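Structural features, examined
One-letter residues, chain by chain:
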Amino acid sequence: LNVPKDVVRPGADLSWVGGVDIGYLVFGAGVGVMWTPIDLRNFTDENGNTGGDQSPTTRLYFFPEMRVQVPNKSLVLPYLTGAFDVNWWHFKEVGLTCGFWFCGTSRVFRFSPGFTGKVGLAFEIKRGVMVDLGMKYSLTGPGSFFEERRWWLTPYVGVLVRRRQR
């Protein structure tokens, strides 16, 4: 939240989660990818250097999660979710990869552990299909990409498909 908004631009975070719904608890696992554009044309470092281009910070991640929900007969399902994230981050870093006959460049992704918590409401629009609205707090810890803890808060919209046993 305390970032220069002309440098760090709005991005996208796409994820897929599958799980086992046992009433008040859902145990699940998921994968995702997040892109955050960084506009270095608007960045000036502590030495006064400016310039660069626009390039995204990319986050690939997977996570086990647990959701606590309040099953009811209404069209609204409130819930709270917690997940431990396994993150791989990339920003403009490339490495040299060589085989027997050739060499090439590849993107370098660096590991950083994390946590995500969500609070939301799922609104049933059709039997078993819900529109999911909420807020998501994500934190990534120090690792080989970040030297210190970083966090962000984002709204989210999703589609929740539930198959309930009756």
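Whatever comes next refers back to the structure up there.
So, here's what we can say about the structure. (Residues numbered from 1 in each chain as written. Predicted model: local features only at pLDDT ≥ 70, side-chain atom pairs only at ≥ 80, totals over all residues. Heavy atoms only, no water.)

Side note on the overall build of the protein
- When you go through the protein residue by residue, the secondary structure sums to zero helices and nine strands.
- Taken from the N to the C terminus, the helices and strands of the protein come in the order β-β-β-β-β-β-β-β-β.
- Summarising the internal contacts of the protein: among those between residues at least 6 apart in sequence, 54% fall at separations of at least 24.
- Summing over all exposed atoms, the protein offers an accessible surface of approximately 11100 Å²; the carbon and sulfur share of this is 63%. (Helix = DSSP H or I, 4+ residues; strand = E, 2+ residues; numbered from the N terminus. Contact = heavy atoms within 4.5 Å. Areas by Shrake-Rupley, 256 points an atom, 1.4 Å probe, with all protein chains shown as cover.)

Here's the deal with the sheet that holds strand β8 (residues 129-140)
- Taken together, seven strands build an open sheet; the order of strands is β1-β2-β3-β4-β7-β8-β9 and the sheet is antiparallel. Two strands in the sheet have a free side with no partner beyond their single neighbour: β1 (12-21) and β9 (150-161). Pairwise comparison of adjacent strand axes, ignoring direction, gives a mean angle of 20° for this sheet. (Pairing = 2+ DSSP bridges. Axes fitted to C-alpha atoms, helices over the stretch in contact; angles between N-to-C directions.)

Some details on the nonpolar core
- Residues Met34, Tyr61, Phe63, Ala83, Trp89, Phe146 and Trp152 constitute the largest nonpolar core, which totals seven residues.
- Elements supplying a minimum of two residues to this core: β3 (54-69) and β4 (76-90).
- Look past the residues within four positions of Trp152 in its chain and what remains in contact with it is Met34, Arg59, Trp89, Lys136, Tyr137, Ser138 and Thr140.
- With six residues, the next largest nonpolar core counts Leu77, Ala122, Met130 and Leu160 among its residues. (Core = buried A, V, L, I, M, F, W, Y, C linked by side-chain atoms within 4.5 Å. Buried < 20%, exposed > 50% of the residue type's maximum accessible area, 1.4 Å probe, protein only.)

Quick look at the packing of aromatic side chains
- Counted under the stated rule, the structure contains 10 aromatic pairs.
- Ring geometry for Trp89 versus Phe146: centroids 5.1 Å apart, planes at 80°, classification edge-to-face. Here Trp89, found in strand β4, pairs with Phe146, found in the loop between β8 and β9; they are 57 residues apart in sequence, far enough to count as distant.
- A relative accessible area of 16% means that Phe146 is categorised as buried.
- An aromatic cluster of at least three residues, connected via ring pairs, comprises Trp89, Phe145, Phe146 and Trp152. (Phe/Tyr/Trp six-rings, centres within 6.5 Å; stacked < 30°, edge-to-face > 60°.)

Digging into the side chain of Ser138
- Along the polypeptide, Ser138 turns up in strand β8.
- Here Thr116 takes part through its side chain, which lies 3.1 Å from a polar atom of the side chain of Ser138.
- Ser138 has contacts with Phe115, Thr116, Arg150, Trp151 and Trp152, leaving out every residue within four places of it along the chain. (Polar contact = N/O pair within 3.5 Å; in protein donor to acceptor, adjacent residues only side chain to side chain.)

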